[in-house]
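Architecture and fold: a report
These are the residues of each chain, in order.
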Amino acid sequence: MKFVQFSDVHLDSTISGALNLPSQKRETLQRELRTAVRRACDLASKHSADLILIPGDLFDYESLDEETSSFLVQTFAEVGPIKIFIAPGNHDSLRPRNPYLDITGLGWPKNVHIFTSQEFQTVYLSDIGCSVTGIAHAHRGITDRLSTLAERMNISERANISILLLHGSRDGYRPSEKENVLPFSDDELLALGFTYAALGHYHSFAQITDASGRIRAAYSGCIQGRALDETGEKYVLLGCIDSDGKVELERFEVAERRVLAVEVSVTDAKDNEAIFERIRSGIESVSARPQDIVHVSLTGVLSKSVALDISKLESIEDYFHVTVSSSGVEPDYNLEELARKSAASPVKSAFVRRMLELSNQAASPEEKRIVRDAIYYGLQALEGRKLEPRNAD
C-alpha cells in the first residue's frame, strides 16, 4: 500500500516579515504554495498511491479566500480515485464557515474524507485492507493528551494495516513558538499500536521508530519555507507499507524555492566591499540556487570606520531575494573605557556607567541582552548616528 503525506502548507498565510520580501515577491511565494500542493498530488498520481494523508494546517482559517477553497476542491477531484484523508489542525480547525464543514456548500469530491469530530473516528477501506483513524481540532485546538483521548478509541475497527492521522505536539521537540496541542510522548504514540502515524504540526521532517528500528510515525514538515524557522529543504513523503507492516519513506521536494539562512562575520572588515564579498562567499557555501530566498545575518564586531550600507549589501541579483540583517552586529565600543568619567563627554560616561550597573544586576541572560542593546541604542543616539534594529530577526 502506498501513500503520499504532506501537511502544514498554510495556504493564504502571511509571509514572515523577517524575510523582508516586497509585496510582489510575497504574492509570488503565496501562489507557489498552491503549486506545491498540486505537485504533491501529482506525485501521488505518478506513483499510483492509494492514499493522500494530510494531518492538518492545510490552510490558515483566518485568511483563507474562496478562490483557494475552490482550488483545493478542483485539485483533489483531479487525483481521484486516490482517497484523500484530512485531519484538521489548529490553524485550519473547525470553526464557523470553515470550508471543511458541509454547511458551507463547497462540495468536496467523493474521494476526500475530512475528519470532523474531536473524538477519534476510523474509516475502513476494504479494497486495500487498510483503516485510517483521525481526529479534528476545533477552535484553537485540542489540548488534552493523546493517551487521554485514546482511552475512548475503538480499537476493534482497525484493519491489519492501520494508519493514524494526528496533528499534535511531540514531547521534547516542540519549538518555543509552537502551540502545545494534542501533546504526546513517543511511548504514548507507540503504545496505541498503529502501523503508522502521519503527524502534522512541526515544520521539519522527523520520524519515530520503535525498539526494533521500524518506522512507526513521521512528520513530513511544512511543504515550503515561509519564514526563518523554515529554512532548508522541505518535503512531501512517499510511503510504502508492505503486508508485514514494514514502513518505508522517501522524501520529495516539491517547493519552487528554499529559504536559506547564512551567518557572516564583519569582524576586521575594512569596508562595505569586504563585507559584500564575505556575504557572496557565505551564500555560495550553502549552495543557494538562483530561485532561493537568502537571509544573511551579520555578526561580529563592526569597526567604527565602517558605516554599513545595507542597500549595497543586498544588491546581489543572482538569487530570487537576498536580505541582510545587521541586528546581531556589535559596535566597536570599549564600554569600560567609556564608563570612566570624561570631561569631554560626561553625559555619555554617566549613561554607560549606569547601564553597566543595570547589566550587572540583570536576573537572566535575556535581560542582560536587552540592557546591552539599550546601551548601543543610547550611544548611537548620543552620537547622532542612525539607529539600527538589534536582535530583531
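Shown above is the structure to which this text applies.
A brief report on the enclosed structure follows. (Residues numbered from 1 in each chain as written. Predicted model: local features only at pLDDT ≥ 70, side-chain atom pairs only at ≥ 80, totals over all residues. Heavy atoms only, no water.)

Here we look at the side chain of Thr323
As for its position among the elements, Thr323 is in strand β15 (residues 321-331). Taking the relative accessible area as the measure of exposure, Thr323 reaches 3% and is therefore buried. (Helix = DSSP H or I, 4+ residues; strand = E, 2+ residues; numbered from the N terminus. Buried < 20%, exposed > 50% of the residue type's maximum accessible area, 1.4 Å probe, protein only.)

A few points about unusual backbone geometry
The omega torsion of the bond from Gly80 to Pro81 falls at 10 degrees, within 30 degrees of zero and hence cis. Here the phi dihedral of Ser287 falls at roughly 55 degrees; this positive angle occurs in a residue that is not glycine. On the secondary structure map, Ser287 appears in the loop between α5 (272-285) and β14 (293-302). With a relative accessible area of 52%, Ser287 lands in the exposed category.

Overview of the packing of aromatic side chains
Tallying each qualifying case throughout the model produces 8 aromatic pairs. Residues Tyr333 and Tyr376 carry aromatic rings whose centres are separated by 6.1 Å and whose planes lie at 20 degrees to one another, so their mutual orientation is stacked. One end of the pair, Tyr333, is in the loop between β15 and α7 (335-339); the other, Tyr376, is in helix α9 (residues 365-382), and 43 residues separate them in sequence. A relative accessible area of 4% means that Tyr376 is categorised as buried. (Phe/Tyr/Trp six-rings, centres within 6.5 Å; stacked < 30°, edge-to-face > 60°.)

Here's the deal with the sheet that holds strand β2 (residues 51-54)
Taken in spatial order, the 6 strands of this open sheet run β4-β3-β2-β1-β11-β12, and their pairing is mixed. Sheet topology places β4 (112-114) and β12 (247-252) at the edges, where each strand pairs with a single neighbour. Going from strand to strand, the sheet's axes swing by 20 degrees on average, the running direction of each strand aside. As paired elements, strand β1 (residues 2-5) and β2 share 3 bridges and run parallel to each other. Residue pairing across strands places Gln5 opposite Leu53, the latter belonging to β2. Strand contacts of helix α1 (residues 23-46): β1, β2, β11 (236-241) and β12, with the helix running at about 175 degrees to β1, the strand carrying the most contacts. (Pairing = 2+ DSSP bridges. Axes fitted to C-alpha atoms, helices over the stretch in contact; angles between N-to-C directions. Contact = heavy atoms within 4.5 Å.)

Regarding the nonpolar core
It is characteristic of soluble globular proteins that their nonpolar side chains tend to be buried jointly. Of all hydrophobic cores here, the largest spans 36 residues; its most connected members are Phe6, Ile52, Leu58 and Phe76. Of the residues forming this core, the biggest block, 7 residues, is contributed by α1. If we ignore the near neighbours within four places in the chain, the residues touching Leu58 are Phe6, Val9, His10, Leu11, Leu72, Phe76, Ile86, Asp92 and Tyr100. Grouped together as the second largest cluster of nonpolar side chains are 22 residues, Ala269, Ile279, Ala288 and Ile316 included. (Core = buried A, V, L, I, M, F, W, Y, C linked by side-chain atoms within 4.5 Å.)

Looking at the layout of surface pockets
Here the idea is plain: a probe the size of a water molecule rolls over the atoms and shows the empty space left. In this model, the largest pocket occupies a volume close to 450 Å³. In terms of lining residues, the largest pocket is bounded by 24 residues, among which Glu177, Lys178, His201, His203 and Asp229 are the most central. Of the residues in the lining of the largest pocket, the class split is 8 nonpolar, 8 polar and 8 charged. Considered as a void within the structure, the second largest pocket measures approximately 340 Å³ in volume. If you trace the second largest pocket, you find 19 residues lining it, with Leu302, Leu308, Gln380, Arg385 and Glu388 closest to the centre. No other element matches β15, which puts 4 residues into the lining of the second largest pocket. Tallied by class, residues from the lining of the second largest pocket come to 8 nonpolar, 5 polar and 6 charged. (1 Å grid on protein atoms, 1.4 Å probe; cavity = no way out; pocket = protein on both sides within 12 Å on 5 of 7 lines; lining within 4 Å. Points joined across faces, edges and corners; volume = space filled by probe spheres on them. Nonpolar A, V, L, I, M, F, W, Y, C, P; charged D, E, K, R; others polar.)

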